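Architecture and fold: a report
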Amino acid sequence: MVSTNDVVIVVNALVRTLKDQHVARKVVLECAKVNLPIKLLILLFRNVVGKVAPQALHRMLDIRDKQLSTGVATALPPCTNMMKDSMGLPCVHVIDTYLRANAGSLQVTDFHLQWHLQPIATLPPLDPCLQIQEPDAIQPRGRPTGATARRARTARREPSGFENEEASS
Ligand SMILES: [Zn+2]
């Protein structure tokens, strides 16, 4: 028998755990904003550093180093918007445009929302109750339902003489 008190204690423990996880996630996001490698502190990222996920900026650096390392953009193939459509990231053409502009910087709006580091205050509050999942199904112990009782058959015997006499009287 499970009392209502026990259920309340378990739910409270779950809520506490989920709140702790939420705080841990906030810390990870904050760290992403603070721990910026020196290679990201360049003019091209002046307006996006700390506002866009570092992973996205590293991708931008890869593109710049691999496709624009010579500084000659004439060899660039025509823009297909593939990078923007598939990953929500600015393509080599956008990077090239900013590099050619005097001290041009990528803009936050060049990145899809999924790459934005939102200020924690603007994040919607997390409802821990929505994260509670169904408990795992547990295999019941004991004889499976539907199994026949063999014991009754093996324990059967002929009535003794005493029992026969009692039954007939
Ligand atoms: Zn392009």
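Turning next to the overall build of the protein. Looking only at helices and strands, one finds six helices and zero strands in the protein. In the protein, the succession of helices and strands from N to C terminus is α-α-α-α-α-α. Among the 169 residues that make up the protein, the fraction classed as buried is 9%. Sequence-distant contacts in the protein: of pairs separated by 6 or more residues, those separated by 24 or more amount to 62%.

The next subject is unusual backbone geometry. Leave glycine aside and you will find that most residues have negative phi; peptide bonds, for their part, are mostly trans. Even without being glycine, Asn81 reaches a positive phi, approximately 65°. Tracing the chain through its elements places Asn81 in the loop between α2 (54-67) and α3 (82-87).

Here we come to the environment of Gly104. Note on placement: Gly104 falls in the loop between α4 (92-100) and α5 (151-154). Residue classification places Gly104 among the partly exposed positions, given that 16 C-beta atoms sit within 10 Å. Along the sequence, Gly104 and Leu43 sit 61 residues apart, while their C-alpha atoms lie 7.0 Å from each other. If near-sequence neighbours (up to four positions away) are discounted, Gly104 is found in contact with Tyr98 and Leu99.

This brings us to the nonpolar core. Counting 12 residues, the largest nonpolar core is built from Phe45, Val48, Val52, Ala56, Leu57, Met60, Leu89, Ile95, Tyr98, Leu106, Phe111 and Trp115. Of all the secondary-structure elements, those providing two or more residues to this core are α2 and α4. If you tally residues by element for this core, the top one is α2, at three residues.

The terminal C-alpha atoms of α2, which comprises 14 residues, lie 20 Å apart, in line with the 20 Å expected from a rise of 1.5 Å per residue. Along its buried surface, α2 packs onto α4.

Mean pLDDT for the protein: 82, with 82% of residues reaching 70 or above. Highest mean pLDDT in the protein belongs to α3 (94); lowest belongs to α5 (56).

Analysis parameters
The numbering scheme is per chain: residues are counted from 1 as the chain's sequence reads. Given that this is a predicted model, residues contribute local features only at a pLDDT of at least 70 and side-chain atom pairs are listed and counted only at 80 or more, while totals for whole chains, interfaces and linings are drawn from all residues. Under the DSSP-based scheme used, a helix requires at least four consecutive residues in state H or I and a strand at least two consecutive residues in state E, with every element numbered from the N terminus. Neighbour density around each residue's C-beta defines its exposure: 20 or more other C-beta atoms within 10 Å make it buried, 12 or fewer make it exposed, and counts between make it partly exposed, where C-beta atoms are placed from the backbone. Placing C-beta atoms from the backbone, we regard two residues as in contact once those atoms come within 7 Å. We define the nonpolar core as any set of buried residues of the types Ala, Val, Leu, Ile, Met, Phe, Trp, Tyr and Cys, connected via C-beta atoms lying within 7 Å of each other. Take the number of residues in a helix, subtract one, and multiply by 1.5 Å to get its expected span. Residue-level confidence of the predictor is summarised by pLDDT, bounded by 0 at the bottom and 100 at the top.

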